[in-house]
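# Coordinates in review
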Amino acid sequence: MRIRKFALLLFLSISLSFSQAQQPRASEKHPWWQHAVFYEIYPRSFADSNNDGMGDINGITSKLDYLHALGIDAIWITPCFPSPQVDFGYDVSDYRDIAPEYGTLKDFDRLLAEAKKRNIRVLLDLVMNHTSDKHAWFVDSRSSRTAQHRDWYIWRDGRGPDQPPNNWESTFGGSAWQFDPTTNQYYYHFFYREQPDLNWRNPKVEEAMMDVARYWFKRGVAGFRLDAVTTLFEDPKLSDNPVTPGLNKFGDPNMEDKYNNRLPQVHDELRRLRKVADESGDRVLIGETGSDDVAKLSEFYGPNLDELQLPMNFFFTEVNKLSAPEFRKQIAEWDQNPKHGWPVWVLSNHDQVRHYNRYGDGDHNDAIAKLMATMLLTLRGSPIMYYGEEIGMENNDPKSRDQVKDPIGKLGWPKEKGRDGERTPMQWDDNANAGFSKETPWLPVPTSFKTHNVAAEEKDANSVLRFYESLLRLRHSNPALLDGEYIALNENDSNVLAYLRKLPGRAVLVALNMSGEKQSPSFDLSAQGLHAKTAATLLSSSSAQGQQNLSKVTLEPFGVFVGEVGK
Ligand code: NOJ
């Protein structure tokens with residue numbers, strides 16, 4: 001009992017000393033986004049200020065104090081523009097306004113002003129590849145073959161009666177071509193048919209989209225997350241894509257996206273957009289840049305680091321089991337990316353099953369959530385958190401097809417259940433609907449909201465939330481964690497992922513037990529010029545505090561140790 005009391009006091013005193021430390025912001029040497037922790041908000045699901053069952057802009061504003069206390073430096077809001085909401089905002093019908101169900105431009109300006117007061121930057125999601133079919137550009141484009149905006153989209157004749165121009169498939173199932181009887185031609189859509197692709201070979205499209213970026217920069221947004229940027233261009237000859245064996249989850253033939261994804265012209269546009277961003281001050285561009293390997297992904301930094309500052313790496317989201325060797329491999333490749341760009345780390349987002357479920361074993365889910373948080377927030381680079389991961393939110397997948405809201409879930413059921421499960425309302429307390437709304441929310445919350453919610457976790461010193469808070473304070477105040485080099489340790493250990501974050505005068509050791517058994521790794525840091533025999537605990541999942549002996553660092557199952565190593 002006494003020991004527990006002591007541990008609690010120690011924990012409180014560590015927390016206090018972190019909270020007293022000023023959170024560093026942009027430094028001379030580092031642009032702000034290299035030290036920032038980003039936090040993705042799905043606006044429909046974050047906080048509902050008017051009790052209509054859907055989140056909104058004023059809801060986000062009302063939670064800025066929460067985000068500030070957590071230690072968030074920048075929020076990325078997924079599309080909140082007017083939209084028919086077929087793809088929940090990724091089908092934009094007006095790029096210069098706020099969706100009425102989410103609020104008004106005035107609300108958005110207030111959000112910007114309130115966020116600024118708390119040192120939180122706001123990023124929007126720029127959907128450049130396609131618009132909604134209800135956007136005025138497309139409405140005009142489809143009206144006649146000679147319409148002013150006809151060439152803003154990709155229109156072609158079919159190969160023959162009922163035959164689309166080529167074999168390209170939509171990534172959301174079925175042909176990528178939609179026949180439009182008004183003008184007897186097909187239009188192209190990489191995503192849903194309600195999301196026609198813009199024709200980026202038309203300079204007017206480029207001009208219009210760059211103006212959209214300027215418009216929001218002028219309003220005060222700190223940057224954009226660029227949706228699906230790899231898909232901006234298509235082969236002008238419309239060559240058929242190579243077909244590969246088997247069928248995909250929608251029952252369509254598998255094929256490579258050789259002629260309609262990752263075409264080299266994308267890079268020219270990104271350089272242009274980067275110029276627009278740079279002209280507007282210290283803005284940041286984050287890319288949704290799914291790629292097959294690190295070399296390809298790294299190209300999105302640009303030949304002279306003149307494209308995206310933060311092209312997103314999705315490799316972690318594809319690791320589906322807790323595996324020290326697998327994460328070690330991914331981290332090493334990404335840390336040493338060929339263009340030497342600043343790394344970006346993502347574990348969860350609105351298109352992926354939450355990592356709480358991906359790595360949880362059913363018995364130690366909270367411990368595993370803390371373990372993964374420690375990895376995400378102690379690596380060299382900028383982490384992007386997904387709302388709710390800090391409270392251990394889990395997926396709540398639809399139980400039957402008729403419950404599904406995301407169209408791909410309806411089309412692909414049961415192999416593809418859609419993305420509703422990872423988009424459920426934020427869990428604020430244990431009241432009805434997890435305190436998100438007084439009205440039935442647009443998606444149901446999982447039953448675990450009773451224990452996993454902000455109010456309950458704020459009161460519990462051992463909660464996932466309190467762990468994230470400590471970790472974020474540590475990350476913001478420890479120079480080695482912000483800027484230190486990444487050095488992999490004990491590379492043959494199949495259970496413990498360990499590394500140093502090292503600056504000339506100081507180093508932090510991170511040891512993460514990715515197994516369900518106790519581990520006692522030993523660290524010899526002499527090759528790194530460090531001769532200390534102990535490390536001072538900065539953060540640990542066990543009650544053991546103070547100095548840890550480096551010849552035997554005790555790690556509980558799924559336990560973590562972060563410690564300062566002297567010379
Ligand atoms: C990627 C977004 O993350 C996803 O949610 C969306 O459906 C597609 N792009 C289409 O915009």
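Residues numbered from 1 in each chain as written. Predicted model: local features only at pLDDT ≥ 70, side-chain atom pairs only at ≥ 80, totals over all residues. Heavy atoms only, no water.

## Notes on the nonpolar core
Rule in force here: Nonpolar cores were defined as sets of buried Ala, Val, Leu, Ile, Met, Phe, Trp, Tyr and Cys residues, with membership established by side-chain atoms within 4.5 Å. Note on classification: 1.4 Å probe, protein chains only; a residue is buried when its accessible area is under 20% of the maximum for its type, exposed when over 50%, partly exposed between these limits. Helix numbering and strand numbering both begin at the N terminus, where a helix is a DSSP run of H or I of at least 4 residues and a strand a DSSP run of E of at least 2. Here a residue-residue contact requires only that any non-hydrogen atoms of the pair lie within 4.5 Å.
Grouped together as the largest cluster of nonpolar side chains are 140 residues, with contacts concentrated most on F38, Y39, W216, F327 and M375. Sorting elements by how many residues they give to this core places helix 7 (residues 203-219) first, with nine residues. Setting aside residues up to four positions removed in sequence, F38 forms contacts with W32, W33, A74, L123, V284, I286, L310, S382, P383, I384 and M385. Within the second largest apolar cluster, 17 residues are counted, among which are A507, A511, V553 and L555.

## What about the sheet that holds strand 17 (residues 534-540)?
For sheets, the rule is that strands pair by backbone hydrogen bonds, running either parallel or antiparallel. Convention followed: Two strands are said to pair when DSSP picks up at least two bridges between them. Helix axes use the C-alpha atoms of the stretch in contact, all axes being lines fitted to C-alpha atoms, and the angles between their N-to-C directions lie in the range 0 to 180 degrees.
Taken together, the six strands give an open sheet; going across it, the order is 14-15-16-19-17-18, and neighbouring strands pair in antiparallel fashion. Two strands lie at the open edges of the sheet, namely strand 14 (485-489) and strand 18 (547-549), each paired on one side alone. Neighbour to neighbour, the strand axes of the sheet diverge by 35 degrees on average, direction disregarded. In the sheet, strand 15 (residues 496-503) pairs with strand 16 (residues 506-513) via eight bridges, with the strands oriented antiparallel. Within strand 16, the residue paired with L500 across the bridge is L509. Across the face of the sheet, helix 12 (residues 365-378) comes into contact with strand 15, strand 16 and strand 19 (560-565) while running at roughly 150 degrees to strand 16. Sitting on the sheet, helix 15 (residues 464-477) touches strand 17 and strand 19, and the angle it makes with strand 17 is about 130 degrees.

## A closer look at helix 10 (residues 324-335)
For the record, the criterion: To estimate the expected span of a helix, count its residues, drop one, and scale the result by 1.5 Å. The arc under discussion is defined with respect to the helix axis, by the directions toward the C-beta atoms. By the criterion applied in these results, polar contacts are pairs of N or O atoms within 3.5 Å in which, for protein atoms, one can donate a hydrogen and the other can accept it, and in which residues neighboring in sequence qualify only through two side-chain atoms.
Here helix 10 contains twelve residues, and its C-alpha end-to-end distance of 16 Å stays within 8% of the 16 Å for a straight helix at 1.5 Å per residue. Within helix 10 the residues assigned to the buried category are A324, F327, R328, Q330, I331, W334 and D335. Looking down the long axis of helix 10, one finds its buried residues gathered within 165 degrees of arc, a one-sided arrangement. A distance of 3.1 Å separates the backbone nitrogen of E326 from a side-chain oxygen at the start of helix 10, and that oxygen is part of S323.

## A short note on the domain arrangement of the protein chain
We count it as follows: Domain start and stop positions are those given by an automatic or database domain assignment.
On domain assignment, one finds that the protein chain holds domain 1 (2-81 + 103-126 + 280-475), domain 2 (128-279) and domain 3 (485-565). The straight-line distance from the C-alpha centre of domain 2 to that of domain 3 is 48 Å.

## Some thoughts on the pairing of strand 17
Here strand 17 lies mainly inside the structure; five of its seven residues are buried. Bridge analysis of strand 17 against strand 18 gives three bridges, and the strand direction is antiparallel. Counterpart to T534 in the pairing with strand 18 is N549. The sheet contact formed by strand 17 and strand 19 spans five bridges and is antiparallel. Opposite S540, over in strand 19, you have F561 as the bridge partner.

## A look at the site of the ligand
Basically, it comes down to this: Here a residue is near a molecule or strand as soon as one of its heavy atoms is found within 4 Å of it. Method for areas: the Shrake-Rupley scheme with a 1.4 Å probe, in which residue coverage is limited to the protein chains shown. Only Asp, Glu, Lys and Arg are considered charged in this grouping, and only Ala, Val, Leu, Ile, Met, Phe, Trp, Tyr, Cys and Pro are considered nonpolar; every other residue, Gly among them, is considered polar.
For the ligand, the set of nearby residues contains 13 residues, the closest of which are D87, D227, H350, D351 and R419. Here an oxygen atom of the ligand sits 2.7 Å away from a polar atom, N or O, in the side chain of H350. Relative to its unbound accessible surface of 300 Å², the ligand loses 97% to contact with the protein. When the residues that make up the shell around the ligand are grouped by side-chain class, the tally is three nonpolar, three polar and seven charged. Split by domain, the shell around the ligand shows at least three residues from each of two domains, domain 1 (2-81 + 103-126 + 280-475) and domain 2 (128-279).

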